[in-house]
Amino acid sequence: MGVARNIEVIMRKIRICGVQTHYKLKKDTTGKEYLNTGGVDLARLINPLKYLDPKKFDVDIVYEVVGPNCKFKNTEDLSKHYDILYFSYMDEVKFYLELRVQGLKNKMKIAVDVDDNLWAVDPTHPFYKDDFEKGSEKNFNRSAIILDADSVTTTSDYLKKRIQENTKVEDITVIPNFVDLELYDYKKIKPKKSDEITIGYIGGSSHFPDMNDPKFVNAMTQILNKYPNVRFKTTFFMPQLKALWGYKYKYALGRADVYRFINELWVEMMSECDFFIAPLSHSSYSSSKSYIKALEYGAGKKAVILERIEPYQEFAGENPEEKGVFLAYSTKEWFNAMEKLVLDEKLRKENGEKLYNEVKKNHTIQGNTKVYEKYFTVLFDKDFLVW
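Residues numbered from 1 in each chain as written. Predicted model: local features only at pLDDT ≥ 70, side-chain atom pairs only at ≥ 80, totals over all residues. Heavy atoms only, no water.

Draft legend 1. Summary view of the pattern of salt bridges. Evaluated as defined, the whole model comprises 26 salt bridges. Across the pair K71 and D60 runs a salt bridge, and its minimum N-O distance is 2.9 Å. Of the two residues, K71 is situated in the loop between β4 (57–62) and α3 (75–81) and D60 in strand β4; the sequence distance between them amounts to 11 residues. With a relative accessible area of 54%, K71 lands in the exposed category. Across the salt bridge formed by K233 and E268, the nearest N and O atoms sit 2.9 Å from each other. Of this pair, K233 sits in strand β10 (residues 230–234) while E268 sits in helix α11 (residues 258–272), placing them 35 residues apart in sequence. Relative accessible area serves as the criterion here: at 31%, E268 is assigned to the partly exposed category. Through salt bridges with shared partners, a single ionic network connects E196, R231, K233, K250, E268 and E272. (Salt bridge = Lys/Arg side-chain N within 4 Å of Asp/Glu carboxyl O. Helix = DSSP H or I, 4+ residues; strand = E, 2+ residues; numbered from the N terminus. Buried < 20%, exposed > 50% of the residue type's maximum accessible area, 1.4 Å probe, protein only.)

Given below as structure tokens:
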């Protein structure tokens, strides 16, 4: 079987259909629908597939799999064309079963990416009640689909173990997140006009526990009280922080579409902020996160302070200073790291350059296409899982 499939790889391209699952369809003032692409889909699906060698792979990226406006009208035709169907976690069992049956019939593999600990989502998450509550039907369905798929990818060894604990899946491939420096282009950053020193944080409302961790909050309070010219800015509104820090706390409006986020909000934050922070509350959910935030900050040549926790410790390695990052856990560590960067513009610039160079050298999607090419080639050649 393996030899025959390898010969087939040589004879023709491997055909892959990547299906976006974190998108939202919106309507403009005329009623015309448009697509808001999700950040997870960009990092875990679009960029990995976009940069595959076109001589070896034939790729389509869609958000609707079949239908009157799609390339294929039904799942049978779709499964006859593609070798691999790749998507992020989903909970639509009926449609998945239709895809699975046709896939088994026509030799189309199904691969699922899981980038979060879906079984330990914090109750403060805005979609916890409907989507991630323990014992919910959606989480049960996701687990069943993940277990049934031919292959699973994820972002870290820690998250791999959590997936295995909750689904008993054995075949899980760890592929870390990468960043596209053609999208996150530091040359778009505008010169800073204000004399204020602004500490920045990029993240959404699901990070409530991180932003309200007492160790971090106490350290930031001390910094803002000690240095009158320091401000803190986030990419979402936290009323608790506004009540605590008043005018020294600023925020920007988020962007639902990841491309607008990068071209508008990321550029705005990089232009206004002097350095960035990435606190994480200590939990199984937080430890399962990836270090993509460090890559987004580094792409802008900004110094960062990262929580001393699983994903960031993995990124920083044994010598964080060589990569231009500080790790912090206690209030004292957070305060000391922030104070160093507040007081030393040269250090901010040096650390930003170090982090950018680390990202450019080791963490771009263009420089790591072989990782995905190997994964999809091995999956193509693999025998089907039949339960």
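Here the narrative resumes.
Draft legend 2. Local environment of the packing of aromatic side chains. For the structure shown, the criterion picks out 17 aromatic pairs. Their ring planes at 85° and their centres at 5.2 Å tell us that Y86 and F376 sit as a pair that is edge-to-face. With a gap of 290 residues between them, Y86 in strand β5 (residues 84–88) and F376 in helix α17 (residues 369–381) connect regions that are remote in the sequence. Overall, the relative accessible area of 0% leaves Y86 in the buried class. Ring centres 5.1 Å apart and planes at 65° place the aromatic pair Y375 and F376 in the edge-to-face group. Note on accessibility: Y375 and F376 belong to one class, buried. Cluster of aromatic residues (ring-pair linked, three or more members): F216, F232, F237, W245, Y249, Y251 and W334. When the ring centre of Y356 is taken as origin, the NZ or CZ atom of K301, which lies over that ring, is 4.8 Å away. Looking at K323, its charged tip hangs above the ring of F315, at a distance of 5.4 Å from the centre. (Phe/Tyr/Trp six-rings, centres within 6.5 Å; stacked < 30°, edge-to-face > 60°. Lys NZ or Arg CZ within 6 Å of the ring centre and 35° of its normal.)

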